[in-house]
Amino acid sequence: MKKKLIIAIDGPAGSGKSSTAKAFAKYLNIPYIDTGAMYRALTLKVMILNIPFKNVKQIVSLFKKTKIDLKGRDPLKQKVFLDGKDVSKAIREPELTKNVFHVAQEALIRREMVKRQRQLGKTNGAVMEGRDIGTMVFPKADYKFYFEAKPEVRARRRQRELLATGKKVSMAEVMKDIQKRDKTDIERKEGALRPAKDAIRLDTSELTIPQTIDKMTALMKPSHVRAVNS
Ligand code: CDP
Ligand code: CDP
């Protein structure tokens, strides 16, 4: 039987988690789970229904009735569905991004999220990326990576991404947004962004995605890489 590998990747915005995790999951032939997309999807629902972010209990009970699915066998083409509707594009809108912290800072909401994420990962293993995977969701993950990159590199990457989708933003704006998100991610009480004690830290500033994956596989047991990839 295949070993159900759990590979946790945490780190700040723009450190390269999503793109590397997708490519790595594809390489290993195991599911890719984007936990940020789940926080984003719930934020979208709260915004659509115009529920004040301070109504935490209402949001928790709404979440319990909400379907969030990550669909598609190919991690590079994964789509995010909210109650059966494809919201992959809507959840990346900058206006929404600014609001995710309201939902992500609430311990009661996080606990429900963590439950779901554990359930998702348990079934077939996963490359799971976010902020608290190695510390909260899978503290016993087979491998824990913590990505870092210089703030200006992260901002440049994010700016390029936004420009590619037709959104013109200055470096100053992106930097400000990233710094604000870093601060809220680091300072929240539960599920704060920090490396797990046993996480392997990788600075991706000067690395391409394939180079990052090479570094990760070099640190893994060859049998793990082969076992899941064959
Ligand atoms: O891709 P990017 O780094 O911009 O963000 P994301 O991974 O899509 O996550 C969006 C937001 O959700 C982050 O700013 C975090 O505040 C929050 N998040 C979280 O609190 N915990 C996670 N496990 C994943 C994301
Ligand atoms: O998920 P996270 O916010 O940590 O970062 P990402 O979405 O994976 O990466 C942000 C952007 O940087 C994407 O457009 C990636 O293609 C790019 N990137 C890069 O140029 N070099 C890397 N080593 C990693 C990501």
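Residues numbered from 1 in each chain as written. Chains lettered and ligands numbered in written order. Predicted model: local features only at pLDDT ≥ 70, side-chain atom pairs only at ≥ 80, totals over all residues. Heavy atoms only, no water.

Quick notes on the side chain of Asp-185
Among the structural elements, Asp-185 can be located in helix H9 (residues 171-187). Engagement of the side chain of Asp-185 in a polar contact is seen with the side chain of Arg-188, the distance being 3.0 Å. (Helix = DSSP H or I, 4+ residues; strand = E, 2+ residues; numbered from the N terminus. Polar contact = N/O pair within 3.5 Å; in protein donor to acceptor, adjacent residues only side chain to side chain.)

So, the layout of surface pockets
The space that makes up the second largest pocket amounts to roughly 270 Å³. Lining the second largest pocket, in full, are Ala-25, Lys-26, Asn-29, Ile-30, Pro-31, Tyr-32, Leu-70, Gly-72, Arg-73, Pro-75, Gln-78 and Asn-124. For the lining of the second largest pocket, a count of residues per class yields six nonpolar, four polar and two charged. (1 Å grid on protein atoms, 1.4 Å probe; cavity = no way out; pocket = protein on both sides within 12 Å on 5 of 7 lines; lining within 4 Å. Points joined across faces, edges and corners; volume = space filled by probe spheres on them. Nonpolar A, V, L, I, M, F, W, Y, C, P; charged D, E, K, R; others polar.)

Details of the site of ligand 2
In the neighbourhood of ligand 2, 14 residues make up the surrounding shell, with Gly-14, Lys-17, Ser-18, Ser-19 and Leu-207 lying closest. In this structure, Gly-14 approaches ligand 2 through a main-chain N or O atom, which is 2.8 Å from an oxygen atom. Contact distances for ligand 2 include 2.5 Å between an oxygen atom and a side-chain N or O atom of Ser-18. Expressed as a share of its isolated accessible area of 540 Å², the protein-covered part of ligand 2 is 81%. (Near = heavy atom within 4 Å. Areas by Shrake-Rupley, 256 points an atom, 1.4 Å probe, with all protein chains shown as cover.)

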